[in-house]
Amino acid sequence: MDKQTLLAVLQVLKKYNLKDTELLLKKEAHVTEDEVKAEPSASGVTDVLAAYKSEGDPRRYESFYSSLKNFIEKSLDIHKCELSMVLYPVFVHMYLELVYNHHEQQAIQFFYKFSADQEWYYQEDLVQLATVTKAEHMAGNQLLDNFKGSKFTIRMSRDSYNHLKRHLLEQKLNILLTIIQDHLFIDVFDGVPRTKQQIDATAGGMCGEARREANKTKVLYGLLKEPEINITVEDEDEGQETDDKPKKKKAKKDSQLNKKQKHDPNAPQLTRIPLPEMTDQMKLEKARAFKEGLRRINLSAETLPSICFYTLLNSYHGVTSVDFCEDSSLMAAGFADSQIRVWTMTPNKLRAIKTSDDLNIIDKEADDVYERLMDDRTSVDCRLLCGHSGAVYATSFTPDRTQMVSCSEDGTIRLWSLLTWSNLVCYKGHNFPVWDVHFSPLGHYFVSCGHDRTARVWSTDHFQPLRIFSGHVADVDTVQFHPNCNYIATGSSDRTVCLWDLLNGNCVRVMTGHKAPIYSLIFSPCGRYLASAGADKNVLIWDLANGDLISQLKGHKDTIFSLCFSRGGALLASGGLDNIVRLWNFSKLLEDHENESTVFVFFFYRNESSAYEIMSYPTKSTPILSLHFTRRNLLLATGPFKGNS
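In this text the structure is predicted, and so the values were computed from the model without any measurement.

**Q** How do you make sense of the overall build of the protein chain when you look at a structure like this?
**A** Regarding its fold elements, the protein chain presents 18 helices and 33 strands. Among the 645 residues that make up the protein chain, the fraction classed as buried is 51%. Summarising the internal contacts of the protein chain: among those between residues at least 6 apart in sequence, 60% fall at separations of at least 24. Accessible surface, the protein chain: about 31,000 Å² in total, of which carbon and sulfur atoms supply 49%.

Here's what the structure looks like:
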């Protein structure tokens, strides 16, 4: 926190008579009473904006910026790429200084003279900045809030930094020097200056690049040790009839279910966070998943999956989200009219639980008690759930398919029972629309994110959030639970991907490189890698061990809304508004990455993403909203048919 902001905070504490907090902050920040008194009292917004107060001649701003630009253009090629990253934040802050000091005409002239020179991925931000032409417009502007609230981060080699600093001091460019010192954070490193490809790989964030110290914490990305499942399963092969007489189905314990796993040094302890106790139903699901996994097709570039596409008709402007349950037996779709529809994807119908009178007469000790609870008279193929008062933006099933959560434009999250087909709980905590929600792989916990720039972790037995993750400077558009349940990943309109520790709420990874909002995230089955995609039409692959970008997959022509790894992680599927499902060879990508000695962003100039694209599957006129690999590696895809419009 800079001194100007610190004094503003102390003024607010003094105004509201929070003496203890004020004294503690003064002590920790080593601020004297005289310094506080010397700071004029004003509103919080004015205090922060006062950093833009300048007595400089407005006519010199153009010449100073032109001087900086000319200096960078004449610099050696080895320094030019790094130094050019300073131009955008300096341009923005010089413009805001002119506006704040009521030099409107000079500000407009300055903006239109140099705005076209900025990088293409900042042009959308500059359109928003162009609306700020008077000091009164500065309050409440999101882009301005980001620039005044945090320093713009730029990674730069020590040689390039010294070259820049020497020029500013020798030419006495005080305005530029002040802006760089007050509003920029130059993350200086020792080594060779970065190339244009390396800079473009990590540039694009609203607040610049991720600081190196943000990715120093060790991430326990390994998978949890599977609990022992002592459960009886039926072997279907032994139940087949012969010519002589039918064989009885022989129940036996599956020894493979209880094979001891090797200890993973990167896996967290089972007791690191409180995990829900595994119910009998969950154990049964684990056993079923394992048995189906034995019959799974091992996919590769030579063995591609079959694709089953579900098209939603007469719903192009109505469908807002689609989701499949883990075992692929249910599909839920959220609609703009606030309704949710749940379909069965198997011959088994959707049944409701019996009435209380009927439940009193069933044998609760029977082995098939679950079947006895369900009322066959209520069997249908589709169920309608009503309760939200705005568009439903996401749904997520529990692993045992007994419950589902949904989030909506109305700012609420609702927990639904799939036994009674009714709303159980309405969670209120977000102040604005909630964009995404996901259950953890073990159930019990779920995570949400929204327009209020936060992500929140909830549990089904509490109506208040257990953790609030705050740090993004724009909408948090998508969220995903890590396979080991100890971390969550968030993707935001500020063009950053963050990884958060569920134990303490800390941000342990900040990854920059996207040039537009991020709408989809997916962890690899092994837990080490994270794929992200969004409006910039690219799929980025991150290594969570160090936070590095290892590949950028290009090919889509429009926004990407869905990503999914195959079971086993050999392939990655992506789909979006360009009406195409693309398959990428993820196992080959990792093999090339591990064999390459230079691991930093080598794909951008050593390999093309087309080398990893295996196949593309276009639809007739249907954007892809959801992708899902079944337990046997059949790829399910779905979207609304949009016709010829």
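From this point on, the discussion continues.
**Q** Whenever I open this one, the sheet that holds strand β21 (residues 487–492) confuses me. Can you help?
**A** Through backbone hydrogen bonds, the strands of a sheet pair up, either in parallel or in antiparallel fashion. Ordered by their spatial adjacency, 4 strands build an open sheet running β20-β21-β22-β23, and the pairing between neighbours is antiparallel. The strands lining the two open edges of the sheet, one partner per strand, are β20 (476–481) and β23 (507–512). Between one strand axis and the next, the sheet turns through 20 degrees on average, direction left out of account. Bridge analysis of β21 against strand β22 (residues 496–501) gives 5 bridges, and the strand direction is antiparallel. If you follow tyrosine 487 over to β22, its bridge partner there is aspartate 501.

**Q** Mind showing me how you'd approach the nonpolar core here?
**A** Soluble globular proteins: nonpolar side chains tend toward being buried together. Judged by nonpolar contacts, the single largest core of 49 residues is most densely connected at Val90 and Met94. Counting residues per element, this core draws most heavily on helix α7 (residues 87–100), which supplies 11 residues. Apart from the residues within four sequence positions on either side, valine 90 is in contact with Tyr65, Leu68, Leu176, Ile179, Ile180 and Leu184.

**Q** Mind showing me how you'd approach the packing of aromatic side chains here?
**A** Aromatic ring pairs are described here by two measures, namely the spacing of the ring centres and the angle between the planes. Applying the stated rule across the entire model yields 25 aromatic pairs. Aromatic rings pair up to connect Tyr65, Phe91, Tyr95, Phe110, Phe111, Tyr112 and Phe114 into one cluster. Stacked on the ring of phenylalanine 185, the Lys or Arg arginine 211 has its end atom at 3.8 Å from the ring centre. A cation over an aromatic ring shows up here: lysine 515 above the ring of tyrosine 121, its NZ or CZ 5.5 Å from the ring centre.

**Q** Even after reading the chapter, I still don't get the environment of leucine 13, so can you show me in this structure?
**A** Here leucine 13 lies in helix α1 (residues 3–15). We classify leucine 13 as buried; its relative accessible area is 12%. Residues leucine 13 and leucine 25, 12 residues apart in the sequence, show an inter-C-alpha distance of 9.7 Å. Leucine 13 has contacts with Leu18, Thr21, Glu22 and Leu25, leaving out every residue within four places of it along the chain.

**Q** Would you mind going over the pattern of salt bridges with me for this structure?
**A** Proximity of charged atoms lets side chains of opposite charge pair with each other. One pass over the full model with this rule turns up 24 salt bridges. One salt bridge connects glutamate 62 with lysine 113, and the closest N-O pair in it is separated by 3.2 Å. Of the two residues, glutamate 62 sits in helix α5 (residues 60–74) while lysine 113 sits in helix α8 (residues 104–114), which places them 51 residues apart along the sequence. Look at glutamate 62 and you get buried, because its relative accessible area is 17%. Residue glutamate 326 is joined to arginine 631 by a salt bridge in which the shortest nitrogen-to-oxygen separation is 2.6 Å. Taken as a pair, glutamate 326 in the loop between β6 (319–324) and β7 (330–335) and arginine 631 in the loop between β32 (626–629) and β33 (635–640) lie far apart in primary sequence, 305 residues in all. Linked through salt bridges whose partners overlap, the residues forming this network are Glu285, Arg288, Glu292, Glu326, Asp327, Arg401, Arg567, Arg631 and Arg632.

**Q** Would you explain the packing of helix α11 (residues 158–170) against helix α12 (residues 174–183) in this entry?
**A** Packed helix pairs are characterised by how far apart their axes lie and by the angle those axes make with each other. Across the interface, α11 lies against α12 with an axial gap of 8 Å and an inter-helix angle of 140 degrees. With respect to their mutual orientation, α11 and α12 come out oblique. By crossing handedness, the relation of α11 to α12 is classed as left-handed. Where α11 approaches α12, its residues Leu164, Leu168 and Leu169 are matched on the opposing element by Leu176, Leu177 and Ile180. Per-class residue counts for the contact of α11 with α12 are 6 nonpolar, no polar and no charged.

**Q** Explain α12 to me, please; I cannot follow it from the model alone.
**A** Turning to α12, its buried residues are Ile175, Leu176, Leu177, Ile179, Ile180 and His183. Looking at the packing, one finds that the buried side of α12 touches α5, α7, β1 (152–157), α11 and β2 (184–189).

**Q** Looking at this structure, how should I read the pairing of strand β28 (residues 560–565)?
**A** Regular strands place side chains that alternate from one sheet face to the opposite one. Counting buried residues along β28, 5 of its 6 residues qualify, which places the element largely inside the surrounding structure. Pairing between β28 and strand β29 (residues 571–576): 5 bridges, direction antiparallel. Residue pairing in the sheet places cysteine 564 in a bridge with alanine 573 of β29.

**Q** Can you walk me through the sheet that holds strand β25 (residues 529–534) in this structure?
**A** One open sheet accounts for 4 strands, arranged β24-β25-β26-β27; its pairing is antiparallel. Either end of the sheet is taken by a strand with one partner, and the two such strands are β24 (518–523) and β27 (548–554). In this sheet, neighbouring strand axes are inclined to one another by 20 degrees on average, regardless of whether the strands run parallel or antiparallel. Where helix α17 (residues 586–595) meets the sheet, it contacts β25, β26 (538–543) and β27, and its direction lies at approximately 140 degrees from that of β27.

So, how was this worked out
- Going along each chain's sequence as written, the residues are numbered from 1 onward.
- For a predicted model such as this one, the threshold for reporting local features is a pLDDT of at least 70, and the threshold for listing and counting side-chain atom pairs is 80 or more; totals across whole chains, interfaces and linings nevertheless cover every residue.
- Side-chain calculation: all heavy atoms of the structure are included, whereas hydrogens and water are not.
- Here a helix means four or more residues in a row that DSSP labels H or I, a strand means two or more in a row labelled E, and each is numbered from the N terminus.
- Note on classification: 1.4 Å probe, protein chains only; a residue is buried when its accessible area is under 20% of the maximum for its type, exposed when over 50%, partly exposed between these limits.
- Contacts between residues were defined by any pair of non-hydrogen atoms, one from each residue, lying within 4.5 Å.
- The Shrake-Rupley method, run with a 1.4 Å probe sphere, supplies the accessible areas, and residue values consider only the shown protein chains as cover.
- Paired strands are those between which DSSP finds at least two bridges.
- Simply put, an axis is a line fit to the C-alpha atoms, just over the touching stretch for a helix, and the angle between two N-to-C directions goes from 0 to 180 degrees.
- Within this scheme, the nonpolar core is defined by two criteria: the residues are buried Ala, Val, Leu, Ile, Met, Phe, Trp, Tyr or Cys, and they are joined through side-chain atoms within 4.5 Å.
- In summary, the pairing rule links any two rings of Phe, Tyr or Trp, Trp by its six-membered ring, whose centres are within 6.5 Å, and it sorts them by plane angle into stacked for under 30 degrees, edge-to-face for over 60 and tilted for everything else.
- In our convention, an over-ring charge means Lys NZ or Arg CZ found within 6 Å of a ring centre and within 35 degrees of that ring's normal.
- For this analysis, a salt bridge means a side-chain nitrogen from Lys or Arg found within 4 Å of a carboxyl oxygen belonging to Asp or Glu.
- Here the angle decides the label: under 35 degrees means roughly parallel, over 145 means roughly antiparallel, 65 to 115 means roughly perpendicular, and every other value means oblique.
- Handedness of a helix crossing follows the sense of rotation of the near helix relative to the far helix, less than a right angle counterclockwise being left-handed and clockwise being right-handed.
- The residue classification treats Ala, Val, Leu, Ile, Met, Phe, Trp, Tyr, Cys and Pro as nonpolar and Asp, Glu, Lys and Arg as charged. All others, Gly included, are polar.

So yeah, pure geometry; function would need other evidence.
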